[in-house]
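Chain residues, written in single-letter form:
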Amino acid sequence: MGEQGSSNNDIEHLKRRRLGVLNTGTREETAPFTLEGPGLEPAVAGDNVRALRDRIVQGLKTVYDPEIPLNIYDLGLVYDIDVTDDGNAHVRMTLTAPGCPVAGSLVQEVHDRVLGTKGVRHGKTELVWDPPWSKDRLSLEARLELGLL
């Protein structure tokens, strides 16, 4: 087997190191990656859904893509933030590419930020691949920052 066997072992090792959230096949084969847990901060007196959602957005704007110097919210990686009256928050997000090397850590950071938002009783963060991310999802601020306008 010599060097060819070693090369194949290296490739297999790299494949095994890939995180489970990465898309290694067709989109239909890729299941969403979901994190759930109880919130870490108490509710805010007199809070409403809009105020809680705004606090979540502000928290998400502090999470940056390590390869692009912009926050994930302005990059358009957050597809949806659903907040209920009783403090449940569900965030649907994606990544710029299925093979993103920081997929697991970025999703975990988003989830931690949601759970750490005052008033979130329970948080769910879901990584989805459909629809695929495109540059059309960039905010105006992100387009200006990247020189796309």
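All of these numbers come straight from a predicted model, not from anything done at the bench. (Residues numbered from 1 in each chain as written. Predicted model: local features only at pLDDT ≥ 70, side-chain atom pairs only at ≥ 80, totals over all residues. Heavy atoms only, no water.)

## Points about the side chain of Asp 65
Part 1 of the reasoning: For Asp 65, the location among the structural elements is in the loop between helix H2 (49-60) and strand S2 (78-83).
Part 2 of the reasoning: No salt bridge is formed by the buried Asp 65. Its closest oppositely charged neighbour is Arg 137, at 12 Å.
Part 3 of the reasoning: From its side chain, Asp 65 meets the backbone nitrogen of Glu 67 in a polar contact 2.7 Å long.
Part 4 of the reasoning: From its side chain, Asp 65 meets the backbone nitrogen of Ile 68 in a polar contact 3.2 Å long.
Part 5 of the reasoning: When sequence neighbours within four positions are dropped, the list of residues in contact with Asp 65 reads Leu 70, Ile 72, Leu 75, Leu 77 and Thr 96. (Helix = DSSP H or I, 4+ residues; strand = E, 2+ residues; numbered from the N terminus. Buried < 20%, exposed > 50% of the residue type's maximum accessible area, 1.4 Å probe, protein only. Lys, Arg positive; Asp, Glu negative; His and termini not counted. Salt bridge = Lys/Arg side-chain N within 4 Å of Asp/Glu carboxyl O. Polar contact = N/O pair within 3.5 Å; in protein donor to acceptor, adjacent residues only side chain to side chain. Contact = heavy atoms within 4.5 Å.)

## Thoughts on the sheet that holds strand S4 (residues 122-127)
Part 1 of the reasoning: Pairing within the open sheet is mixed, and its four strands lie in the order S1-S4-S3-S2. Where the open sheet ends on each side, the last strands, each with one partner, are strand S1 (33-38) and S2. Here the strands of the sheet are splayed against their neighbours by 10° on average, with no regard to which way each runs.
Part 2 of the reasoning: Judged from the six bridges that link them, S1 and S4 form a sheet pairing that is antiparallel. Paired with Leu 35 across the two strands is Thr 125, which belongs to S4.
Part 3 of the reasoning: The strands touched by H2 within the sheet are S2 and strand S3 (88-93), with S2 carrying the most contacts at an inclination of about 145°.
Part 4 of the reasoning: Those strands touched by helix H3 (residues 103-115) are S1, S3 and S4, and its axis lies near 160° from that of S4. (Pairing = 2+ DSSP bridges. Axes fitted to C-alpha atoms, helices over the stretch in contact; angles between N-to-C directions.)

## What about the pattern of salt bridges?
Part 1 of the reasoning: Within this structure, the stated rule accounts for three salt bridges.
Part 2 of the reasoning: Lys 118 is the salt-bridge partner of Glu 41, the closest N and O atoms lying 3.4 Å from each other. Placement of the pair is Glu 41 in the loop between S1 and H2 and Lys 118 in the loop between H3 and S4, with a sequence separation of 77 residues.
Part 3 of the reasoning: Glu 41 sits in the partly exposed class, given a relative accessible area of 32%.
Part 4 of the reasoning: On the basis of relative accessibility, which here comes to 42%, the residue Lys 118 falls in the partly exposed class.

On their own, these measurements won't tell you what the molecule is for.
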